[in-house]
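Overview (structure and organization)
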Amino acid sequence: MTRRIEINPVTRIEGHAMISLHLDDAGLVQQAHLHVNQLRGFEQFCVGRPFYEMPALMARICGICPVSHLVAASKACDELLAVQVPPTATKLRRIMNLAQIIQSHALNFFHLSAPDLLLGMDSDPTQRNLFGLLQSHPERARDGIRLRQFGQQIIEQLGGKRIHPGWIVPGGVNEPLSKAHREQMLGMIPAALAIIERTLTWFPPLLDQFRAEIQTFGNFPSLFVGLANHQGTLEHYDGGIRVMDSAGNSIAQWLEPNHYADYIGEAVEPDSYLKSPYYKPLGYPDGMYRVGPLARLNLVDRCGTPRADAALTAFNARYPRPVLSSFLYHYARLIEIMYGIEQIELLLNDPDILSEHVRAFAEPNRSEGIGVSEAPRGTLIHHYRIDGQGLVTYANMIIASGNNNLAMNRGILQAARHFVHGTEIKEGMLNRVEAVIRAFDPCLSCSTHAAGAMPLHICLHAPDGRLLHELWRE
Amino acid sequence: MPSSVRVKTLRIDDLDVAGDEQQTIFDVAVEHAIPIPTLCHLDGLGAVGACRMCLVEVTSANQTRLQPACATPIEEGMQIVTNSPRLQEYRRMILELLFAEGNHVCAVCVSNGHCELQGLAQSLGMTHVRFPYHYPQRSVDASHRRFVVDHNRCILCTRCVRVCAEIEGAHTWDVMGASSQTQVITDLNQPWAEAETCTGCGKCIHVCPTGALFEKGYSVAEMHKRRQFLPYLRAMREREP
């Protein structure tokens, strides 16, 4: 006799999802699935729209990481125009992309995951949220809010508003950076650096309390995929796709992003609207790979900025490469925040950053364009085709979180097998299953984002439909 | 003012005013800085009273009626109310119906932030749409090398039709169909690129109150319409040789 447990909805993630666990007679988990039960339809309803609309249209996929979509969509449109984006515009886009990564990482770490990390996986669920954190660890919570504010304010200084700025456009950006805004942004750097330094001091020792989670939260061999540059440092905007195996061997050093369809396939599972991308040469599902901050840190030789490099060295001294535990995505996010702040400072001090030549104009010169960038959660691909009038005829997107779909499912199974057993479910057991998902920080649909406020209803049913056990979290 | 012009006196919102008999209620209100919202009206173009946004309460000969201020000539002794709870409600309702019958997605529109429909919705306090959205299937014609018409955003104000006929003298634009199938067309409903009468002057683009007509190459919120040329062109056309 098998039983099925549903975790619906999964809380403190971005978007809507459900987890189902199947238990055997002995109460051991046999299967685990993540079901993303929402359909957005962006690839379909943008057909027929003028391609110039695509960056703003696609940015509406997400309220947390709209800039990532702006970047990838605009890069795809740059290709349709077949123009050379002015160097200053590229640098400005990089700054905004990094600011986006900082604020998104801060959101996941402090607002969504820190309640588990600082209050404990088994702590009172009514307190295990940002508000509980504000009461018990006000300084930590405040740091998170301030760090997120830093990223959001950089986006606002550049693009005029924090969410959905229309500033990144096909061909570049639509307004140069003013000296006053540059000074304001530079003025915010020291405080942001102090916060992340502080966090990188208290967080690593805390990991000693999570040895079981590190062992079981998606800790398995997989490929790692991400953008890489010729210097071997972190790259979030340009470069080629690098693929590494679980032993740390580079199995593809530089794949052209525009040829993604040659090496990335998208499988469809009947129980989820989220597709399952895989690395084609290894087939499905063996071609499972992970993207995002942990994958990026595994892939690069070094970060490329002094403080982040020091943090990466400390990270790898503790957890040698390649780091396989998905629980350590949290740590990787902090190192990337450090890198982002340092890199933004470098870019703002670039002698050309105030140049007024920030946009290239042209009529469309190609009928197909592909834009690839690194979003907070991993590699993001936008692919468009247009007709002779410039209207979109085809759009395909591989969203960063989607790349991790196979790995998330595998991680849920691993953690569920370790933590969930018996006929009686304890809330803390299921929270750990959810926390696996939080470690990956999937952005299932940020437009319907909820933070710790959604009720959780778990039912344990016998095959005949009999309710064996029920648990509510208000 | 020539001596043959007859002056009429009337009352608008408790203000005694006077105007030339050929003036509309709207013209006189503007002269006295009395605000009346408009949408299809545009200074320099003939009035059609298509949108009904400028409805005012007109009391004349002991009868009160709702009349479009832009298309109603003044009469002696008229009592006019330009702003009342009833008018506010009707104007909001008209706006809601306009939003419900088209596909107006401000967030991704080239005219976001510079759109007259959006501006009116804000200024008249339209907080939501009470009517079910129709989500009509409408086309986008981007065949013209420089311009695009997106029928999803068209509110049938006919400014494009009027500016093309009255100012440019080309009459490329006109209106086709009836009821929910009504749409503006170029020549005999040909793709814009094939409309031989179009001079490519771009006046229609700039008089369009929404993002229905726009120039290629603009992203969200980048299309600023420039309309200051209209009264000047009109004046030049009407000047005696």
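Keep in mind it's a predicted model, so treat the numbers as computed, not measured.

Rules behind the numbers
- Residues numbered from 1 in each chain as written.
- Chains lettered and ligands numbered in written order.
- Predicted model: local features only at pLDDT ≥ 70, side-chain atom pairs only at ≥ 80, totals over all residues.
- Heavy atoms only, no water.
- Contact = heavy atoms within 4.5 Å.
- Buried area = accessible area lost by both parts, 1.4 Å probe.
- Salt bridge = Lys/Arg side-chain N within 4 Å of Asp/Glu carboxyl O.
- Polar contact = N/O pair within 3.5 Å; in protein donor to acceptor, adjacent residues only side chain to side chain.
- Helix = DSSP H or I, 4+ residues; strand = E, 2+ residues; numbered from the N terminus.
- Buried < 20%, exposed > 50% of the residue type's maximum accessible area, 1.4 Å probe, protein only.
- Domains from an automatic or database assignment.
- Nonpolar A, V, L, I, M, F, W, Y, C, P; charged D, E, K, R; others polar.
- Pairing = 2+ DSSP bridges.
- pLDDT = per-residue confidence, 0-100.
- Core = buried A, V, L, I, M, F, W, Y, C linked by side-chain atoms within 4.5 Å.
- Phe/Tyr/Trp six-rings, centres within 6.5 Å; stacked < 30°, edge-to-face > 60°.

Some thoughts on the interface of chain A and chain B
Contacts between chain A and chain B engage 16 residues on the former and 17 residues on the latter. Roughly 1300 Å² of surface becomes buried between chain A and chain B when both sides are summed, with 49% attributable to carbon and sulfur atoms. At the junction of chain A with chain B, the criterion picks out four salt bridges. Asp150 of chain B is the salt-bridge partner of Arg49 of chain A, the closest N and O atoms lying 2.5 Å from each other. The tally of links from chain A across to chain B stands at nine residue pairs in polar contact (both at pLDDT 80 or more).

Points about the environment of Leu117 of chain A
Residues and elements named next belong to chain A. With respect to the helices and strands, Leu117 occurs in helix α4 (residues 87-119). Looking at Leu117, the relative accessible area reads 3%, which means it is buried. Spatially, the C-alpha atom of Leu117 lies 13 Å from that of Gln127, the residues being 10 residues apart in sequence. When near neighbours in sequence (up to four residues on either side) are disregarded, Leu117 contacts Phe109, Phe203, Leu206, Phe210, Phe327 and His330.

Description of the domain arrangement of chain B
Residue and element names in this part refer to chain B. We note that the domain assignment places domain 1 (7-83) and domain 2 (104-238) within chain B. Here domain 1 and domain 2 have C-alpha centroids that lie 26 Å from each other. With 14 residues of domain 1 at the interface, the matching set in domain 2 holds 19 residues. Between domain 1 and domain 2 the total buried area reaches about 1200 Å² when both faces are included, carbon and sulfur atoms providing 68% of it. Among the residues of domain 1 in contact with domain 2, Leu39, Leu42 and Leu45 are the three that bury the most area, contributing 46% of the side total. Counting the contacts that link domain 1 with domain 2 gives zero salt bridges. A breakdown of the residues in the side of domain 1 that touches domain 2 according to their chemical character gives nine nonpolar, four polar and one charged.

Examining the sheet that holds strand β6 (residues 140-141) of chain B
Residue and element names in this part refer to chain B. Spatial strand order, β6-β7-β10: three strands in an open sheet with antiparallel pairing. Edge strands, defined here as strands with exactly one partner in the open sheet, are β6 and β10 (213-215). Where β6 lies against strand β7 (residues 147-150), two bridges are found, and the strand directions are antiparallel. Among the inter-strand pairings, Val140 is bridged to a residue of β7, identified as Asp150.

A look at the pattern of salt bridges
Working definition: two side chains of opposite charge can pair if their charged atoms are close together. On inspection of all chains with the given rule, the structure shows 37 salt bridges over all chains. Its salt-bridge partner being Arg49 of chain A, residue Glu53 of chain A comes within 2.8 Å of it at the nearest N-O pair. Take Glu53 of chain A and Arg49 of chain A: they sit in the same class, and that class is buried. As a salt-bridge pair, Arg153 of chain B and Glu53 of chain A come within 2.6 Å of each other at their nearest N and O atoms. In this pair, Arg153 of chain B sits in the loop between β7 and α4 (159-168) while Glu53 of chain A sits in the loop between α1 (42-45) and α2 (54-59), so the two residues belong to two different chains. Glu53 of chain A matches Arg153 of chain B in its accessibility class, with the two residues each being buried. Among the charged side chains, a salt-bridge network with shared partners connects Asp116, Arg128, Glu427, Glu434 and Arg438 of chain A.

Quick notes on the pairing of strand β4 (residues 63-68) of chain B
All names here are of chain B. Pairing analysis gives six bridges linking strand β3 (residues 55-60) to β4, with the strands arranged antiparallel. Within β4, the position partnered with Leu55 by the bridge is Pro68. Counting the residues in the hairpin turn of β3 and β4 gives two residues, including Ala61, whose phi is positive at 50°.

A closer look at the sheet that holds strand β7 (residues 240-244) of chain A
Residues and elements named next belong to chain A. If you walk across this open sheet you meet the four strands as β8-β7-β6-β11, and the pairing is mixed. With one partner strand each, in any of the chains shown, β8 (250-255) and β11 (289-290) form the two edges of the open sheet. Alignment of strand β6 (residues 223-228) against β11, held across two bridges, turns out to be parallel. Bridged to Phe224 within β11 is Arg290.

Structural notes on the confidence of the model for chain B
In this model, chain B carries a mean pLDDT of 94, and residues with pLDDT of at least 70 account for 98%. Complex prediction metrics read pTM 0.90 and ipTM 0.90.

Describing the nonpolar core
Residues Leu21, Leu147, Phe315 and Ile341 of chain A are the most contacted members of the largest nonpolar core, which totals 108 residues. By residue number, the principal contributor to this core is α4 of chain A, which donates 13 residues. In terms of nonpolar packing, the next biggest core, distinct from the first, is built from 29 residues, Cys109, Ile167, Val207 and Phe214 of chain B among them.

Looking at the packing of aromatic side chains
Under the criterion given, the structure shown has 18 aromatic pairs over all chains. Taking 5.9 Å as the distance between ring centres and 55° as the angle between the ring planes, the aromatic pair formed by Phe315 of chain A and Tyr319 of chain A counts as tilted. With respect to class, Phe315 of chain A is no different from Tyr319 of chain A; both count as buried. Judged by centre distance (5.6 Å) and plane angle (35°), the ring pair of Phe147 of chain B and Trp192 of chain B falls under tilted.

Looking at unusual backbone geometry
A cis amide bond links Tyr284 of chain A to the next residue, Pro285 of chain A, at an omega of 5°. Looking at where Pro285 of chain A falls in the secondary structure, it is placed in the loop between β10 (276-279) and β11. Backbone torsion omega between Arg321 of chain A and Pro322 of chain A reads -10°, so that peptide bond is classified as cis. For Asp13 of chain B, which is not a glycine, the phi torsion comes out positive at approximately 50°. Secondary-structure assignment places Asp13 of chain B in the loop between β1 (7-12) and β2 (15-20). On the basis of relative accessibility, which here comes to 32%, the residue Asp13 of chain B falls in the partly exposed class. Unusually for a residue other than glycine, Ser179 of chain B sits at a positive phi of about 55°. Here Ser179 of chain B lies in the loop between β8 (173-176) and β9 (183-186). Accessibility expressed as a relative area gives 67% for Ser179 of chain B, which makes it exposed.

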